[in-house]
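Summary of the model geometry
Single-letter residue listing:
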Amino acid sequence: MNVLALETTCDETAAAVVTGDLTVRSSVVASQDKLHERFSGVVPEIAARAHVERILPVIDEALRRANVGLQDIDAVAVANTPGLAGSLLVGLVAAKALCVAVGKPLVAVNHVHAHIYACRMASGKNVFPCVGLVVSGGHSNLYRCEAPYDFRYLGGTIDDAAGEAFDKVAAMLGLPYPGGPAVSRVAQQGSRTAYRFPRSFLNDDSRFDFSFSGLKTAVRYTIAGKGNPELQKCELPDSQVSDIAASFQEAVVDCLVGKALLAARRTGLPTLCVGGGVAANGRLRQRLADETQRAGVELHIAPLHLCTDNAVMGALAVERLKAGLTEDLTLDVFPGLLRS
Ligand code: KG4
Ligand code: ZN
């Protein structure tokens, strides 16, 4: 069995061919980072138009590298939630057209669930049931994952996602987009304790939610001074940029690790799976490894190439297909987060 998976939820156009036994036959990712760089963030209209230009060449290349033709595809999978509406629509319309052309079923993939499923793909073994932590540019969520098609929402960010906070803080510090890699690079030279930034909800044992907007504001006040909106006029020495980056990163990591371990304790689940772009962060990976080991929790973090958006994680569709979970052509996009 061959499943063609498409991913266009944000600013990466991706396609992969995976088999029924979860072998990856090909994976192609066309990044749009260069197009959005000068805006320090993803511009939805630019992203949607770029997906339109790239989706067919990316699919062609994925089929070519897998050495299969369209006639060899048994199902088409597409991430239809959550994401940018215009971006999601490009993938969904392409997937529907292919399903009609080849007469094969359509499978819907929840993009944030797929970020956790990247751990299953990388580990080569069953990771369910587990606690799932997704930390990406758009989402910071915790799930109780009973099975690949049974994710229960435990909590998530009530304002900014961790990745968004990284991107915004990078912009405030004059660092390039995407901000996560840039902040973590300069943080290596900084002190994690130079500034005591807020850790929201960490002391509240009853909730699995996150909040990063207060932290973002605290960084802004540190750079510009309270009540001063003129960030452009702030010329910080490199050492201060590094200290702010390291202290900010430590605050984010404290919240993510603290809540993920709390979820593991509360649910009694023995395994923690972590995915999404921010899971590429070296300090987060190190702290997760140390603290899950101390807590006796088995840890799976997506490998770097499966942390940021890709279509391999869309192999989640193989499990849905086997469970008989296919869609008809009325399937729509859902830009917001479905809390289930
Ligand atoms: O999962 P992803 O590719 O896209 C979404 O689904 O949002 O995540 C992108 C996010 C961006 O905010 C980027 O700054 C962040 O992941 N990111 C990182 C690192 N690499 C990427 N954040 C912190 N440290 C990193 N090394
Ligand atoms: Zn993502």
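Located above this text is the structure these notes cover.
This text gives an overview of the structure that appears in the document. All residue numbers here refer to positions counted from 1 along the written sequence of the relevant chain. Each chain takes a letter, starting from A, and each ligand takes a number, starting from 1, following the order in which they are written. Side-chain atom pairs in this predicted model are given and counted only at pLDDT of 80 or more, local residue features only at pLDDT of at least 70, and totals for whole chains, interfaces and linings cover all residues. Each side-chain value is derived from all of the structure's non-hydrogen atoms; neither hydrogens nor water enter the calculation.

1. Points about the coordination of the zinc ion (ligand 2)
Note the threshold: Coordination shells were defined by N, O and S atoms within 2.8 Å of each metal, extended to 3.2 Å for Na, K and Ca; water is absent from the atom set, which can make sites look incomplete. Key to geometry: four donors with every angle between 85 and 135 degrees are tetrahedral; four donors are square planar and six octahedral where opposite donors lie over 155 degrees apart and all remaining angles lie between 65 and 115; all other sites are irregular. Each helix is a run of DSSP H or I of at least 4 residues and each strand a run of E of at least 2, with the numbering of both proceeding from the N terminus.
Looking at the metal site, the zinc ion (ligand 2) is ligated by His111 (NE2), His115 (NE2) and Asp309 (OD), spaced 2.0 to 2.1 Å from it. The site at the zinc ion (ligand 2) holds four donor atoms, and with the angles between them running 95 to 142 degrees, its shape is irregular. When the donor residues of the zinc ion (ligand 2) are listed from N- to C-terminus, their spacing reads H-x3-H-x193-D. Here His111 pairs with His115, and both are found in helix α4 (residues 111-123), just four residues apart, close to one helical turn.

2. Quick notes on the packing of helix α6 (residues 179-187) against helix α8 (residues 238-267)
Put simply, the test is: Only the contacting stretch of a helix is used when fitting its axis, a line to C-alpha atoms as for every element, and angles between N-to-C directions run 0 to 180 degrees. In these notes the angle categories are as follows: under 35 degrees is roughly parallel, over 145 is roughly antiparallel, 65 to 115 is roughly perpendicular, and the rest is oblique. With the far helix as reference, a near helix turned anticlockwise by less than a right angle produces a left-handed crossing, and one turned clockwise produces a right-handed crossing. Here, two residues are considered to be in contact whenever any of their heavy atoms come within 4.5 Å of each other. Ten residues, namely Ala, Val, Leu, Ile, Met, Phe, Trp, Tyr, Cys and Pro, are considered nonpolar, four, namely Asp, Glu, Lys and Arg, are considered charged, and the remaining ones, Gly among them, are considered polar.
The geometry of α6 relative to α8 is characterised by a closest axis approach of 8 Å and an angle of 110 degrees between their N-to-C directions. In terms of orientation, α6 and α8 fall into the roughly perpendicular class. The handedness of the crossing between α6 and α8 comes out as left-handed. Contacts from Val183, Ser184, Val186 and Ala187 in α6 reach Val241, Ser242, Ala245, Ala246, Phe248 and Gln249 in α8. Along the lines of polarity and charge, the residues of the contact of α6 with α8 split into seven nonpolar, three polar and no charged.

3. Overview of the side chain of Asn2
Along the chain, the position of Asn2 falls in strand β1 (residues 2-7). Excluding residues that lie within four positions of it along the chain, Asn2 makes contacts with Val17, Val18, Thr19, Arg25, Val68, Asp72, Ile73, Asp74 and Ala75.

4. So, the pairing of strand β5 (residues 106-110)
Applicable threshold: Exposed residues in this analysis have more than 50% of their type's maximum accessible area, buried residues have under 20%, and partly exposed residues fall in between, with area computed by a 1.4 Å probe over protein chains only. Any two strands are treated as partners once DSSP identifies two or more bridges connecting them. Call a crossover right-handed when, viewed with both strands pointing away from you, the route from the first strand across the helix to the second goes clockwise.
Extensive coverage of β5 is indicated by the burial of five of its five residues. Burial along β5 is two-sided: the face carrying Leu106, Ala108 and Asn110 and the face carrying Val107 and Val109 are both buried. Across five bridges, the pairing between strand β4 (residues 75-81) and β5 is parallel. Looking at β5, one finds that Val78 is bridged to Ala108. Following the chain from β4 across helix α3 (residues 85-102) to the adjacent parallel β5, one finds a crossover that is right-handed.

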